[in-house]
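# Observations on the three-dimensional arrangement
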Amino acid sequence: MIEKCREVFEQKFGKGGEIRQYFSPGRVNLIGEHTDYNGGHVFPCALTIGTYGIARKRTDRKLRLYSMNFENTGMVETSLDEIKPGADSLWTRYVKGVIWAFGQKGKEIGTGFDFLCLGTIPNGSGLSSSASLEVLTGTILKDLYGFEESMADVALYSQLAENRYVGVNCGIMDQFAIAMGKKDHAVFLDTATLEYEYAPVRLSGAKIVIGNTNKKRGLGDSKYNERRAECEEALREIQAVKPVASLGDLTGEEFEAVSPAIASPVRRKRARHAVYENQRTIRAVKALQENDLAEFGRLMNESHVSLRDDYEVTGMELDTLVEAAWQQPGVIGARMTGAGFGGCTVNIVKDEDIDGFISAVGKAYREKIGYDADFYVVEIGDGPRVI
Ligand code: GLA
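Presented here is an overview of the structure given in this document. (Residues numbered from 1 in each chain as written. Predicted model: local features only at pLDDT ≥ 70, side-chain atom pairs only at ≥ 80, totals over all residues. Heavy atoms only, no water.)

### A word on the packing of helix α3 (residues 129-145) against helix α4 (residues 151-166)
Threshold: Axis definition: a line fit to C-alpha positions, over the contact stretch in the case of helices; interaxial angles, taken between N-to-C directions, run 0 to 180 degrees. Counting from the N terminus, the helices are the DSSP runs of H or I reaching at least four residues and the strands are the DSSP runs of E reaching at least two. Angle categories are assigned with fixed cut-offs, so that under 35 degrees is roughly parallel, over 145 is roughly antiparallel, 65 to 115 is roughly perpendicular, and the rest are oblique. By convention, the crossing between two helices is left-handed when the near helix turns anticlockwise from the far helix through less than a right angle, and right-handed when the turn is clockwise. Two residues qualify as a contact provided that any one of their heavy atoms is within 4.5 Å of a heavy atom in the partner residue. Put simply, Ala, Val, Leu, Ile, Met, Phe, Trp, Tyr, Cys and Pro go in the nonpolar bin, Asp, Glu, Lys and Arg in the charged bin, and everything else, Gly too, in the polar bin.
Two elements in contact, α3 and α4, have axes whose closest approach is 9 Å; the angle formed by their N-to-C orientations is 125 degrees. By the criterion of interaxial angle, the relationship of α3 to α4 is oblique. Handedness of the α3/α4 crossing: right-handed. Between α3, through S130, E134, V135, G138, T139 and K142, and α4, the contact on the second element is made entirely by M151, V154, S158 and E162. Its residues placed into classes, the contact of α3 with α4 shows three nonpolar, four polar and three charged.

### Some words on the nonpolar core
Our working rule: Here, the term nonpolar core denotes a set of buried Ala, Val, Leu, Ile, Met, Phe, Trp, Tyr and Cys residues that are joined through side-chain atoms within 4.5 Å. Using a 1.4 Å probe on the protein chains alone, a residue whose accessible area is under 20% of its type maximum counts as buried, one over 50% counts as exposed, and one in between counts as partly exposed.
Within the largest apolar cluster, 68 residues are counted, with the highest numbers of intra-cluster contacts made by I99, F113, F115, L141 and L247. Broken down by element, the residue count for this core peaks at eight residues, all from α3. For L141, the residues in contact, after removing those within four places along its chain, are V98, I99, F102, I109, F113, G146 and F147. In terms of nonpolar packing, the next biggest core, distinct from the first, is built from 29 residues, I31, F188, L203 and L288 among them.

### What about helix α10 (residues 316-326)?
α10 sits mainly inside the fold: eight of its eleven residues count as buried. Within α10 the residues assigned to the buried category are E317, L318, D319, T320, L321, V322, A324 and A325. On its buried face, α10 sits against β8 (206-212), α9 (293-309), β9 (331-337), β10 (344-350), α11 (354-369) and β11 (374-378).

### A word on the site of the ligand
Counted only if it meets this: A single heavy atom is enough: if one lies within 4 Å of a molecule or strand, its residue is considered near that molecule or strand. Contacts described as polar in this section are N or O atom pairs within 3.5 Å, which, within protein, must combine one atom able to donate a hydrogen with one able to accept it, while residues neighboring in sequence count only if both atoms come from side chains. Throughout, the Shrake-Rupley method with a 1.4 Å probe supplies accessible areas, and for residues the shown protein chains are the sole cover considered.
By nearness alone, every residue bordering the ligand is listed as R27, E33, H34, D36, Y37, C170, G171, M173, D174, Y224, G338 and A339. Between an oxygen atom of the ligand and a side-chain N or O atom of E33, the distance comes to 2.6 Å. Between an oxygen atom of the ligand and a side-chain N or O atom of D36, the distance comes to 2.6 Å. Compared with its free state, where it exposes 300 Å², the ligand has 96% of that area covered by protein.

### Here we look at the environment of L299
Mapped onto the fold, L299 is located in helix α9. A C-alpha to C-alpha distance of 8.0 Å links L299 and T281, two positions 18 residues apart in sequence. Apart from residues lying up to four places away in sequence, L299 is in contact with I31, R280, R283 and A284.

### Focus on the sheet that holds β9
Applicable threshold: Strand pairing is assigned whenever DSSP identifies at least 2 bridges connecting the two strands.
The strand order across the open sheet formed by four strands is β9-β10-β8-β11, and the pairing between neighbours is antiparallel. In this open sheet, the two strands that pair with only one neighbour each are β9 and β11. Averaged over neighbouring strand pairs, the angle between their axes works out to 20 degrees when direction is ignored. Bridge analysis of β9 against β10 gives six bridges, and the strand direction is antiparallel. Paired with R335 across the two strands is V346, which belongs to β10.

### What to know about the layout of surface pockets
Test applied: Method remark: on a 1 Å grid restricted to protein atoms, a set of points is classed as a cavity if a 1.4 Å probe fits but cannot get out and as a pocket if it is open with protein on both sides within 12 Å along at least five of seven lines; lining residues have an atom within 4 Å of a point. Grid points are joined across faces, edges and corners, and a volume is the space filled by probe spheres set on the points.
Approximately 180 Å³ is the volume attributed to the second largest pocket. Together, 13 residues line the second largest pocket, and L80, I99, W100, G103 and E108 are the ones closest to its centre. Here the element with the most residues in the lining of the second largest pocket is helix α2 (residues 93-104); it accounts for five residues.

### A few points about the packing of aromatic side chains
What counts, and what does not: Between rings of Phe, Tyr and Trp, where Trp is taken as its six-membered ring, a pair exists when centres lie within 6.5 Å; planes separated by under 30 degrees are stacked, by over 60 edge-to-face, and by other angles tilted. For a ring to carry a charge above it, either NZ of a lysine or CZ of an arginine must fall within 6 Å of the ring centroid while also lying within 35 degrees of the normal to the ring plane.
For the coordinates displayed, the defined rule picks out 16 aromatic pairs. Consider the rings of Y196 and Y198, whose centres lie 5.6 Å apart with planes at 80 degrees: the pair is edge-to-face. Residue classification places Y198 among the partly exposed positions, given a relative accessible area of 28%. Among the aromatic side chains, those forming a connected cluster through ring pairs are W91, F102, F113, F115, Y145, F147 and Y157. The ring centre of Y198 lies 5.0 Å from the NZ or CZ of K182, which sits over that ring.

Written out as structure tokens, the structure reads:
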């Protein structure tokens, strides 16, 4: 893959100089959905699919950017002096956004670079192709310009780029999971403090299978911001009766005691999801550490039900994939993953049942939805690196 990128890079930008090669993963969240902007826990892992990048420093202030995934867009040429929020709707905004975010933190770069990338994550599938590109850019800036930021800082700057340059009000999960990825481990992150620990994902005889609805998120971003606003409002209503910093501070019991303070039944459901999903995530990690995979899977299933009924971010495509998965032999757990409203599901399936799973769930999906889902058997990989 990287050899192909190198060849195209040299065709587009010419040979010579110091050409550097990089990789940054995608991510899948195992459990802990819509908790990261509510001060709760998440449990994602980096994947071995991701974004390859090639870069070479220039001596002027130009940036020349080329993506092998958007060949029709062709070469995008710009200058460091033209980087400002809201000015870009192309894929390049993720690269420029991170350069901008580094600048906001006092890490200006004096000269530009030539850049080519190739992503192996399906775009818009909810496996964080954009966060992968952002963290790739941060990794390149560190390497080419000698910045000594930690990878946790690269995650935070990437989130700043997404929030303020791209304009999506996401939490820290995606960028952190990618920046801190570790082979065969998931990252148990407390989003209130950014304390984290790695938990080995030992699936003994089973694998992670991702199901892609092939439904693009579309309206997703506005609904995402709406859910955030509903949770923030519910928190303010709770704070009128109990001093808490976030929904993630509450146990289920504490929530039940204060929930009458939330005036709207819809907001009550949203907050209930955030509180119980956080508690489920903590329990799920404990179950995994105790090798109780059946309990881990059961909590994954419960997570989906809560996202479907209380948070209402699933929709027919994700529900069809998950509900068909629950019927199959060898399925330990299945749920939607990421923001929802389309995108992907995450399933833990016993090795010997994977082929049957893919064909049966694929058939049920095609019959009900009218087009195909895609399936990927994935592995948990390391974080970003020079290759
Ligand atoms: C998207 C966001 C994350 C997180 C998830 C939902 O992936 O980018 O910050 O909120 O949705 O868990």
